[in-house]
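Observations on the model geometry
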Amino acid sequence: MKNIIVTGANRGIGFEITKRYLELGHRVWASYRNKSNAKDLLSMTKSFHNLTAFEMDVTNQESIEIAFDDFLQSNLKFEVLFNNAGIIDWSDFENVEPKSFADVYEVNVIGAFMVMRNSLKTLHQNSHIKSRIINLSSRLGSIELRGNTQLGGALAYQCSKAALNMLTRQTSLELKPKGISVISMSPGWVKTDMGGKNAKYETDQSVTMILSVLQSLADEETGIFIGEDGERIPW
Ligand SMILES: NC(=O)c1ccc[n+]([C@@H]2O[C@H](COP(=O)([O-])OP(=O)(O)OC[C@H]3O[C@@H](n4cnc5c(N)ncnc54)[C@H](OP(=O)(O)O)[C@@H]3O)[C@@H](O)[C@H]2O)c1
């Protein structure tokens, strides 16, 4: 049984990851940003005693610190962090506004980084228990794939996921000596509010694939960018 944190767990991929790990008997701490938007998650705490829902806005440093200080005071230790919270702006080169560019970076890059850094005090750091941080990235953030996929044009989002990938790569080096693996993972194109109804996968299909890939990864694997199909994605 693992202790798992999932950010942005009130809907979409984060909600499904939470549900699936609960069904497998793991203990999940699932964050939501706003109670009014988290009814499904909060009602799931009634059916799953292994679920704790907590409030955290990844753009609010104080809110991140409060959450992790609470864990620390409760002597909680985690093996897995899903850095899942994310936003998109579909605007292209011609239309993207500096403000929305900054907003996307604030959540997808700075928010993910602040969660990662604060999580360190509560992640297992020893040679016996391996911990893993999974940054939910996207093929849209692959510099090498640009021009080779039909999608594209969400300029701020693409840049933010490329930056998140650099965070993965850099932190994987820094955290390797502590026994913590950091990977970037793409869930594929998924039918969520973000992915839209024309996406390739239902949410449960994508999460089934994600869980199976994660299960097959050796503990030592770190600093990689991998897809829901288990294939390496070029940076
Ligand atoms: N769907 C896809 O096709 C696809 C493809 C590639 C990668 N991804 C990545 O997968 C992750 C999940 O995507 P999704 O499709 O499930 O998206 P989604 O349905 O739009 O859900 C996004 C989640 O992030 C949360 N969030 C946004 N801003 C936040 C903040 N400041 N603080 C805390 N939580 C915040 C949202 O909370 P609220 O409800 O409060 O807004 C929501 O729970 C994202 O990182 C996304 O970039 C998705």
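So, here's what we can say about the structure. Quantities reported herein were computed from a predicted structural model and do not represent experimental measurements. (Residues numbered from 1 in each chain as written. Predicted model: local features only at pLDDT ≥ 70, side-chain atom pairs only at ≥ 80, totals over all residues. Heavy atoms only, no water.)

1. Examining helix α4 (residues 98-119)
Helix length check: α4 (22 residues) gives 30 Å between terminal C-alpha atoms against 32 Å at 1.5 Å per residue, within 8%. By the largest-angle criterion, E106 marks the main kink of α4, which is about 40°. Of all the positions in α4, only S100, V104, V107, N108, V109, G111, A112, M114, V115, M116, N118 and S119 are classed as buried. Tucked inside the fold, the buried residues of α4 contact α3 (61-73), β4 (80-83), β5 (131-136), α5 (155-175) and β6 (180-186). (Helix = DSSP H or I, 4+ residues; strand = E, 2+ residues; numbered from the N terminus. Expected span 1.5 Å × (residues − 1). Bend = angle between axes of the 7 residues up to and from the residue. Buried < 20%, exposed > 50% of the residue type's maximum accessible area, 1.4 Å probe, protein only. Contact = heavy atoms within 4.5 Å.)

2. Topic: the site of the ligand
Around the ligand sit 29 residues, and of these N10, R11, R33, Y157 and T192 come closest. Here R11 contributes a side-chain N or O atom positioned 2.6 Å from an oxygen atom of the ligand. A distance of 2.6 Å is found between an oxygen atom of the ligand and a side-chain nitrogen or oxygen belonging to R33. About the coverage of the ligand: the protein hides 96% of its 890 Å² of free accessible area. Contributing elements (two or more residues each) for the shell around the ligand: α1 (12-23) and α5. For the shell around the ligand, a count of residues per class yields 12 nonpolar, 12 polar and five charged. (Near = heavy atom within 4 Å. Polar contact = N/O pair within 3.5 Å; in protein donor to acceptor, adjacent residues only side chain to side chain. Areas by Shrake-Rupley, 256 points an atom, 1.4 Å probe, with all protein chains shown as cover. Nonpolar A, V, L, I, M, F, W, Y, C, P; charged D, E, K, R; others polar.)

3. Observations regarding the packing of α1 against helix α6 (residues 203-216)
It is the contact of α1 with α6, at a shortest axis distance of 9 Å, that shows an interaxial angle of 60°. Classed by the angle they form, the pair α1 and α6 counts as oblique. Two packed elements cross with a definite hand, and for α1 against α6 that hand is right-handed. Where α1 approaches α6, its residues G12, I13, E16, I17, R20 and Y21 are matched on the opposing element by T203, D204, V207, T208, L211 and L214. Within the contact of α1 with α6, the residues separate by chemical class into six nonpolar, three polar and three charged. (Axes fitted to C-alpha atoms, helices over the stretch in contact; angles between N-to-C directions. Parallel < 35°, antiparallel > 145°, perpendicular 65-115°, else oblique. Left-handed = near helix turned anticlockwise from the far one by under 90°.)

4. Some details on the pattern of salt bridges
The full count for this structure, using the stated rule, is 10 salt bridges. E16 is paired through a salt bridge with K19; the nearest N and O atoms lie 3.9 Å apart. A residue pair is termed a helical-turn pair when its members lie 3 or 4 positions apart in one helix, as E16 and K19 do in helix α1 at three residues. Residue classification places K19 among the partly exposed positions, given a relative accessible area of 25%. Here E221 and R232 are joined by a salt bridge, their closest N and O atoms 3.2 Å apart. Taken as a pair, E221 in the loop between α6 and β7 (225-227) and R232 in the segment after β7 lie far apart in primary sequence, 11 residues in all. Overall, the relative accessible area of 25% leaves E221 in the partly exposed class. Within this structure, E16, K19, R20 and E23 form a network of salt bridges that share partners. (Salt bridge = Lys/Arg side-chain N within 4 Å of Asp/Glu carboxyl O.)

5. Notes on α3
The end-to-end C-alpha distance of α3, which contains 13 residues, comes to 18 Å, matching closely the 18 Å that a straight helix rising 1.5 Å per residue would cover. For α3, the set of buried residues is S63, I64, A67, F68 and F71. Projected onto a plane normal to the axis of α3, the buried residues spread over an arc of 120° and lie on a single side. Seen from the buried face of α3, the exposed residues on the opposite side, beyond 90 degrees, are E62 and Q73. Residues of α3 that are buried in the fold lie against β1 (3-6), β2 (27-32), β3 (51-55) and α4. Measuring from the side-chain oxygen of the N-cap residue of α3 to the backbone nitrogen of E62 gives 3.0 Å; that N-cap residue is N60. (Arc of directions from axis to C-beta.)

6. As for the packing of aromatic side chains
For the structure on display, the rule yields seven aromatic pairs. On the basis of an interplanar angle of 90° and a centroid distance of 5.1 Å, the ring pair of W29 and F78 is categorised as edge-to-face. A residue pair is termed long-range when its members are at least 10 positions apart, and W29 in strand β2 and F78 in the loop between α3 and β4 qualify at 49 residues. Overall, the relative accessible area of 7% leaves W29 in the buried class. You can call F78 buried: its relative accessible area is 0%. Ring geometry for F54 versus F71: centroids 5.1 Å apart, planes at 80°, classification edge-to-face. (Phe/Tyr/Trp six-rings, centres within 6.5 Å; stacked < 30°, edge-to-face > 60°.)

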